[in-house]
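Examination of the molecular architecture
The chain contents come next:
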Amino acid sequence: MNSFLKTAAKAALAVTLSVTAIGAVPLAEASAAPAAIAAPMSAGDGTAAGAVAWYQAHNGSTAYQGYCEKAAENAYGTTGVWASANAHWNGASPKHAGDHNPPLGAFVYWNISAYGHVGISDGAGGFWASSVNGRIGHVTKAMGGYDYFNNYRGWTPAARPHQ
């Protein structure tokens, strides 16, 4: 093998090892890495796109009926932060009460029971949530958007839930 091919093979191996190593770095350290070599987003990874991907992957599931807050938290890769959708709404900020234009991944809330209801905005006038025809589903703007459920409250920013 000539020296040019040996050099190219070594460079390719170094890039492969570097990218592999970055994938093993804890999230806090990896965020400092240049965006060009960051790992792609995935469901439940703490990002808005990852939260929507989580709901898409669970589309049709009945496992979260009565557990909308758990679904919203799981979509962001966490659980057990808020006791209910109402507790989340009351504790999160900033609130955008009545605003029907939340960005992708924002939490959207309704005051429909003692526990409330929460879902994740699709960024296009619709949302993902449990209790859509008895299962996790996607409500588009054409299907009624945020007025699909009664008593829409508003939204809080897309972020991994925390108190």
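Above this text sits the structure in question.
Residues numbered from 1 in each chain as written. Predicted model: local features only at pLDDT ≥ 70, side-chain atom pairs only at ≥ 80, totals over all residues. Heavy atoms only, no water.

**Thoughts on unusual backbone geometry**
The linkage connecting Ser93 with the following residue, Pro94, adopts the cis geometry, with an omega of -5 degrees. In this fold, Pro94 is placed in the loop between α5 (85-91) and β1 (96-97). One non-glycine residue with positive phi stands out, namely Asn133, at about 55 degrees. By the element assignment, Asn133 lies in the loop between β4 (127-132) and β5 (135-139). Asn133 sits in the exposed class, given a relative accessible area of 60%. (Helix = DSSP H or I, 4+ residues; strand = E, 2+ residues; numbered from the N terminus. Buried < 20%, exposed > 50% of the residue type's maximum accessible area, 1.4 Å probe, protein only.)

**With respect to the pairing of strand β2 (residues 107-110)**
Consecutive side chains of a regular strand alternate in pointing toward one face of the sheet and then the other. Residues of β2 alternate between two faces, with Phe107 and Tyr109 on one and Val108 and Trp110 on the opposite face, all of them buried. Both β2 and strand β3 (residues 117-121) contribute to a ladder of four bridges, which runs antiparallel. Residue pairing in the sheet places Tyr109 in a bridge with Val118 of β3. Adjacent in sequence and paired antiparallel, β2 and β3 are bridged by six residues, among which Gly116 carries a positive phi angle near 75 degrees. With four bridges joining them, β2 and strand β6 (residues 152-156) adopt antiparallel strand pairing. What sits directly across from Val108, in β6, is Trp155. (Pairing = 2+ DSSP bridges.)

**A short note on the pairing of β5**
As paired elements, β4 and β5 share four bridges and run antiparallel to each other. Of the residues in β5, the one forming a bridge with Trp128 is His138.

**Let's talk about the sheet that holds β6**
Backbone hydrogen bonds are what pair the strands of a sheet, in a parallel or an antiparallel way. Taken in spatial order, the six strands of this open sheet run β1-β6-β2-β3-β4-β5, and their pairing is antiparallel. Of all the strands in the sheet, just β1 and β5 have a single pairing partner and so form its edges. Bridge analysis of β3 against β4 gives two bridges, and the strand direction is antiparallel. Across the sheet, Ile120 pairs through a bridge with Trp128, a residue of β4. Along the sheet face, helix α3 (residues 48-57) touches β3, β4 and β5 and points at about 110 degrees away from the line of β3. Contacting β2, β3 and β4, helix α4 (residues 68-75) crosses the sheet at an angle of about 30 degrees to β3. (Contact = heavy atoms within 4.5 Å. Axes fitted to C-alpha atoms, helices over the stretch in contact; angles between N-to-C directions.)

**Digging into the environment of Ala57**
Note that Ala57 resides in helix α3. A relative accessible area of 59% means that Ala57 is categorised as exposed. For the pair formed by Ala57 and Ala43, sequence separation is 14 residues and the distance between their alpha carbons is 7.7 Å.

The quantities given are spatial measurements derived from coordinates; they are silent on function.
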